[in-house]
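Breakdown of the fold
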Amino acid sequence: MYRTALRNVLAHKGRLLMTALAVMLGTAFVAGTMVFSDTFGQAMRDSNSKSYSDVSVQIVDRAAGSGATAREKSEKSAATLTDATVQQLAALPGAAGARGVVSGFTGVADKSGNLIGKAWAAKGANFAPGADGKDARYPLAEGQGPKNAKEIALDRKTAEKGGYKVGDTVRVASNGPVVEAKLTGVFTTDDPVVNTGGTLTLFDRATAQQLLLEPGRYSSIVLAAKSGTSEGDLLAQAASKLPAGQQIHSETGQQLKDDEQKMIETGTSSMRTMLLAFAGISLFVGIFIIANTFTMLVAQRTKELALLRAIGASRKQVTRSVLIEALVIGTLSAAAGLVAGIGIGAGLQALVAGLDSGMPTGSLVIKPMTVVVTLVVGVLVTVLSALLPAMRASRIAPVAAMSSGDQPSTQKSLVVRNSIGSVLAAGGGALIAYGASTGTGDGRMPVAIGALLTLVGVFILLPLLSRPVIALVGPVLGKLFGMPGKLARQNAVRNPRRTAATAAALTIGLTLVSGLTVLGASVGGAIDKAVTSSMRADYVVGTANGMSLSEKVPAEIAKTPGVTASSPMTTVYWELNGTTKAITGLDQETFDKLVSVELTSGSPAALGQGQILVDEDVAKKNGVTAGSAMTVTYPDESTGKVTVGGVYKAGGMLGPVLLSNSEITKHEPQPYISDVLVKGADGATDKLKQGLKDATGANPVIEVKSKQEVRDDFSQIISFALNMMYGLLAMSVIVAILGVINTLAMSVFERKREIGMLRAIGLDRGGIKRMVRLESVVISVFGAGIGIVLGCFMAWAINGTLESSMQGLTTVLPYGQLALFLALAGLVGLVAAFWPARRASKLDILASIKTD
């Protein structure tokens, strides 16, 4: 029986080719994901391995810089890291040295005035030379380090990107005015920010403190231990010298390394999980192809298997022979997938390096676990997929050796199948509807479980659905394509189970693709509605990195010619009735000209009276209305009462609570300024936009965006996410295409006699080709149509669970895109049928008629 199984693999290698390809592609995705994530993680660890090589203990002031909270900033006068702290720590018995570090955001403009690199990876620091005039952290490749406020040094990669040489004038900026300085040096560094594509600008100590923090203050202090002193002992010695305050935090160098390694591991693990999820989808699609292939092979070999039973083979032996075939196919395919996966891993690494030259790279990492997982997954998926067909093969009676053809399904088996499918689909649909009706995140689990049950139920019911759905297009096919069209429809519904198994692969892919598309369109519509409904301003001025704008910027913008109204948009976090809330501040004088809120009670004029406006959610949770009083806790821990001046509909870009800037600055003199809203006399014009840029000193860090540009930014984020998902789902679609090709090719083999008879009674080669192609198109469109309906239904349910967190969210059906998906599915069917149709048209008439 073992030899028989192996001979069967060789005898049917052509018919098993698509199955092998499906397994290979799925396992290649798994192997590629593991190789890429392991390689990328190792490259990140190698890149960051030297980050703390000279650090025994690091003390950090968490309140330093503009990213600190208001409460942390309020403590800074009592607890900061200063020159005195550095001297005290340097005098510790176990300290070989202490170095004060200044760090903060600093953007560098290229010669066109644009920001070099990404805003989140733009960093500034202090140059701290020793007695020899050198800073060991930043070895100079050219020139010398900065010595005054008019000099800077840049890392080599940034200098090359900007086209700068020593002696050039460079424009840099933090969150304040632009600084023009002479480039005195270019240095190399192992700083992970630079190694991942960021920029690093060095100032002399005094200038760095002035621009990034405040005079005399450090963001951190680094200690080096003397020989014989452990990092733990030095940390204990330093603890007694540190200023009191919750924002002062200290760690050993080893703790810092461990924390960084954990962060890298978490990041690569999340990436791996996401990619493996899509690999799992591809393998799941492949299951249908494998099961369909072995089902068809068993049906085609009914006589052969029955003959084996007749000459003494037991049911177990027949089952094992089919499973051995699957084992051989799975092993060979998984091995090929492993090789292909290594190539995919190398390709992904090259792609990442090409998209961002600063990303770390290294040699490919192929762990034993990758090899084992790939082979085991490939074999298990193939064998388990072939299990049901193998069991069916064992039930073939020996008497079947005297007949031919498929063993028909019993009426009982069909009733049981359809009953189970109906129960699962109905139960899943009910769970989805319940989850969507909650309107909160509590409904997400019911929706997820319901989606799984519904998918399984629909897959079970696909044979039942195929006849009536495909029958709808029957008259159209007959009128447009004549006899080949009629035959294509009949062939598509001749074996509903086979049609369903083939269509199911496309159903899975289109369910996910259409669901993501509807979600993207719905979220995009909600964001667009939020921006357009609440924003009357023509321009929004803010920083590229999300840091607070300098308090000088709003005043400069207000002086710009053509500006009729402007206001800084500030944000503070105060407690209202014991719960911390984000409070948005705007100038009451220009409020109505810049923003729009739909009040259900009260008046915007209340802002000018020191009162707050709250949205409906806050009002409902706190049981307040216009005229009610709320208890507020300010940053200095003092409390007071504030009157609710109005209630507005939730949603938009303004947040849950509004208060005038004049009231905010009474209790928080330097609030976080997220944006400046601007209204122009002539609306949004190029002249006004340029004027606003000039008013900010052409700062590369500050962005001036129109209302449309704000909307476009959100759209680009959504489009990028969708395109990435589409790309990851492409593998499952390719596997589905292989399934269509495989089914058609095997179907042509089964119907050789029938095709020969059709040729004999006058159907020409072109008619045979059209028949096979139309059959493929019908099956593909059927699977895609079911998938689109399921995807839209599930997207609607998910939107229901997001209503509480995203106001104004409604389900938007992008009919154009959905119709395009359906058309593309038809095109996929047409392309998939090319080889089977060509093969069918070339069959010899007499040889085909003589086929058993």
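Going by the structure above, here's the rest.
Rules of the game
Residues numbered from 1 in each chain as written. Predicted model: local features only at pLDDT ≥ 70, side-chain atom pairs only at ≥ 80, totals over all residues. Heavy atoms only, no water. Helix = DSSP H or I, 4+ residues; strand = E, 2+ residues; numbered from the N terminus. Contact = heavy atoms within 4.5 Å. Areas by Shrake-Rupley, 256 points an atom, 1.4 Å probe, with all protein chains shown as cover. Lys, Arg positive; Asp, Glu negative; His and termini not counted. Charge placed at Lys NZ, Arg CZ, Asp CG, Glu CD. Salt bridge = Lys/Arg side-chain N within 4 Å of Asp/Glu carboxyl O. Buried < 20%, exposed > 50% of the residue type's maximum accessible area, 1.4 Å probe, protein only. Axes fitted to C-alpha atoms, helices over the stretch in contact; angles between N-to-C directions. Parallel < 35°, antiparallel > 145°, perpendicular 65-115°, else oblique. Polar contact = N/O pair within 3.5 Å; in protein donor to acceptor, adjacent residues only side chain to side chain. Pairing = 2+ DSSP bridges. Core = buried A, V, L, I, M, F, W, Y, C linked by side-chain atoms within 4.5 Å. Phe/Tyr/Trp six-rings, centres within 6.5 Å; stacked < 30°, edge-to-face > 60°.

1. A closer look at the overall build of the protein
Along the backbone of the protein there are 27 helices and 22 strands. In terms of overall dimensions, the protein has C-alpha extents of about 100 × 70 × 45 Å along its principal axes. The long-range fraction of contacts in the protein, counting pairs at least 24 apart against all pairs at least 6 apart in sequence, stands at 82%. Counting only carbon and sulfur atoms, one obtains 60% of the accessible surface of the protein, whose full area is about 38100 Å². Side chains of the protein give 80 positive and 63 negative charges; the mean places of these two sets differ by 17 Å.

2. Some details on the pattern of salt bridges
Here the structure, examined in full by the defined rule, presents 15 salt bridges. Note that E214 is salt-bridged to R217, the shortest N-O span being 3.7 Å. Here E214 falls in the partly exposed class, since its relative accessible area comes to 28%. Given the relative accessible area of 4%, R217 is considered buried. The residue D538 makes a salt bridge to K679 at a minimum N-O spacing of 3.8 Å. Here D538 is found in the loop between α16 (496-534) and β13 (539-543), whereas its partner K679 is found in strand β21 (residues 672-680), with 141 residues between them in sequence. Overall, K679 belongs to the partly exposed group, its relative accessible area being 26%.

3. Some details on the packing of helix α25 (residues 815-832) against helix α26 (residues 834-841)
In the contact formed by α25 and α26, the axes pass within 4 Å of each other and the chain directions differ by 40°. Judged by the inter-axis angle, α25 sits oblique to α26. Contacts between α25 and α26 pair L830, V831 and A832 from the former with F834, W835 and P836 from the latter.

4. Remarks on the side chain of S780
Its location among the elements puts S780 in helix α24 (residues 765-802). Here S776 takes part through its backbone oxygen, which lies 2.9 Å from a polar atom of the side chain of S780. If we ignore the near neighbours within four places in the chain, the residues touching S780 are L506, V740, A825 and G829.

5. Concerning the sheet that holds strand β2 (residues 95-101)
Overall, antiparallel pairing links the four strands, which are arranged β2-β11-β1-β12 in an open sheet. At either end of the open sheet lies a strand with only one pairing partner, and these are β2 and β12 (248-252). Shown here is a sheet whose adjacent strand axes are inclined to one another by a mean of 15°, direction ignored. Across four bridges, the pairing between strand β1 (residues 57-61) and strand β11 (residues 220-225) is antiparallel. Paired with V57 across the two strands is L223, which belongs to β11. Together, β1, β2 and β11 form the strand contacts of helix α4 (residues 83-90), whose direction differs from that of β2 by roughly 165°. Of the strands in this sheet, β1, β2, β11 and β12 touch helix α8 (residues 231-239), which is tilted by about 160° from β12.

6. Some details on the nonpolar core
In this structure, L462, I768 and V772 are the most contacted members of the largest nonpolar core, which totals 70 residues. Examining the composition of this core, we find that 13 residues originate from one element, α24, more than from any other. Not counting residues within four places of it along the chain, the set of residues in contact with L462 comprises A500, A504, T507, F782 and I786. Listed in part, the 33 residues of the second largest apolar core include I59, V172, L183 and L235.

7. Re the environment of G829
Of note, G829 is situated in helix α25. What makes G829 buried here is its relative accessible area of 0%. Residues G829 and P475 lie 354 residues apart in sequence; the distance between their C-alpha atoms is 20 Å. In this structure, G829 is in contact with S776, V777 and S780, ignoring residues within four places of it in sequence.

8. What to know about unusual backbone geometry
A positive phi is found at N577, a non-glycine position, where the angle reads about 55°. Inspection of the secondary structure puts N577 in the loop between β14 (563-576) and β15 (579-586). Positive phi, normally seen in glycine, also occurs at E637, with a value near 75°. With respect to the element layout, E637 can be found in the loop between β18 (629-633) and β19 (639-648).

9. Quick word on the packing of aromatic side chains
Per the counting criterion, the structure on display carries six aromatic pairs. Relative to F459, the ring of F284 lies with its centre 6.4 Å away and its plane at 45°, an arrangement referred to as tilted. Taken as a pair, F284 in helix α9 (residues 253-300) and F459 in helix α14 (residues 444-471) lie far apart in primary sequence, 175 residues in all. Here F284 falls in the partly exposed class, since its relative accessible area comes to 36%.

10. A short note on the environment of A847
Structurally, A847 can be placed in helix α27 (residues 845-849). In this structure A847 comes out as partly exposed when scored by relative accessible area, which is 44%. Separated by 650 residues in the primary sequence, A847 and G197 have C-alpha atoms spaced 66 Å apart.

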